[in-house]
Amino acid sequence: MELIQLSIREQMYNIVKERILNNEYKGGQTLNIVALCKEFGISNTPVREALFALEKEGFLISNFNYKYQVFQLTTENMEMINQALAVLLCGAYRCVINQQQSDHLIQLLSAAIKRQKKIKKENLKEYINASIAFDKCFVEATGNAHLVKMFDMQTGFMILSVRYTYGTSQYSIDENLLEHEKILEAVQNKDVEKVVELIKTHYEKDYKDA
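Residues numbered from 1 in each chain as written. Predicted model: local features only at pLDDT ≥ 70, side-chain atom pairs only at ≥ 80, totals over all residues. Heavy atoms only, no water.

Enumeration over the complete set of coordinates arrives at six salt bridges. Salt-bridge contacts for R94 lead to E193; the nearest nitrogen and oxygen are separated by 3.6 Å. Of this pair, R94 sits in helix α4 (residues 75-98) while E193 sits in helix α10 (residues 192-209), and the two are 99 residues apart along the sequence. For E193, a relative accessible area of 52% puts it in the exposed group. Close ionic contact of E181 with K117 constitutes a salt bridge, the shortest N to O distance being 3.1 Å. With E181 in helix α9 (residues 173-188) and K117 in helix α5 (residues 102-118), this pair connects stretches of sequence that are 64 residues apart. What makes K117 exposed here is its relative accessible area of 52%. (Salt bridge = Lys/Arg side-chain N within 4 Å of Asp/Glu carboxyl O. Helix = DSSP H or I, 4+ residues; strand = E, 2+ residues; numbered from the N terminus. Buried < 20%, exposed > 50% of the residue type's maximum accessible area, 1.4 Å probe, protein only.)

Below you can see the structure in the form of structure tokens.
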């Protein structure tokens, strides 16, 4: 196996992004560049480059003083993210139907639900990743690398969105799993309109309860 040596900028990018996704850096929090430089014993150039890259991806927002704040999810912007993801998944599912890949999708969804059931409820980080993996099954079943890439580009925001939902509503892990099982059942029954309806409800419920 070939080892890949990451640059300091890439390492800082990964560290800051991981802290955002783990909620160590809260939404709206201003990042202290000087403190980061001191923490890792590096100059501010790779830190600023890493933060600039995260800004381009939407995780950070900069102001005229070149200070960076963590993107803060609100009900309004979460609605837009969820609506876009619902459209992507519904479109992917119709592609699966057209390609006659329903059986493959059923296998992927069944495996994803089994993984979810094995995760302890208190392990929220792992459960969030498993929940997103269930949604990704629809995209993977198309066999379209471009759709998979589109989905992967939104994974970070999906993690923030799911964490936001669990933190601001009564929506529970048990409800999430139940919705997934209903979606799988509809896919097994080849009820296309029901699947689309359940996917939309799955995402709409997140922000209506928030």
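Structurally, the α-helix is built with 3.6 residues per turn, so residues lying three or four positions apart point the same way. In this model, helix α3 (residues 44-56) (13 residues) spans 18 Å end to end at C-alpha, consistent with the 18 Å of a helix rising 1.5 Å per residue. Residues of α3 that are buried: P46, V47, A50, L51, A53 and L54. Summarising the axial view, the buried residues of α3 lie within an arc of 155°, below the 170-degree limit, and thus occupy one face. Considering only its buried residues, α3 is in contact with α1 (8-21), β1 (30-31), α2 (33-40), β2 (60-62) and β3 (68-70). One or two residues past the end of α3 sits G58, with phi positive at roughly 95°. (Expected span 1.5 Å × (residues − 1). Arc of directions from axis to C-beta. Contact = heavy atoms within 4.5 Å.)

Turning to the packing of helix α6 (residues 124-140) against α9, a few remarks are in order. In contact at an axis separation of 12 Å, α6 and α9 are set at 20° when each is read in the N-to-C sense. The orientation of α6 relative to α9 falls into the category roughly parallel. For the pair α6 and α9, the crossing hand works out as left-handed. Listed contacts from α9 to L124, Y127, S131, F134, D135 and F138 of α6 are I173, N176, L177, H180, I183 and V187. (Axes fitted to C-alpha atoms, helices over the stretch in contact; angles between N-to-C directions. Parallel < 35°, antiparallel > 145°, perpendicular 65-115°, else oblique. Left-handed = near helix turned anticlockwise from the far one by under 90°.)

By themselves, these figures tell us nothing about what the structure is for.
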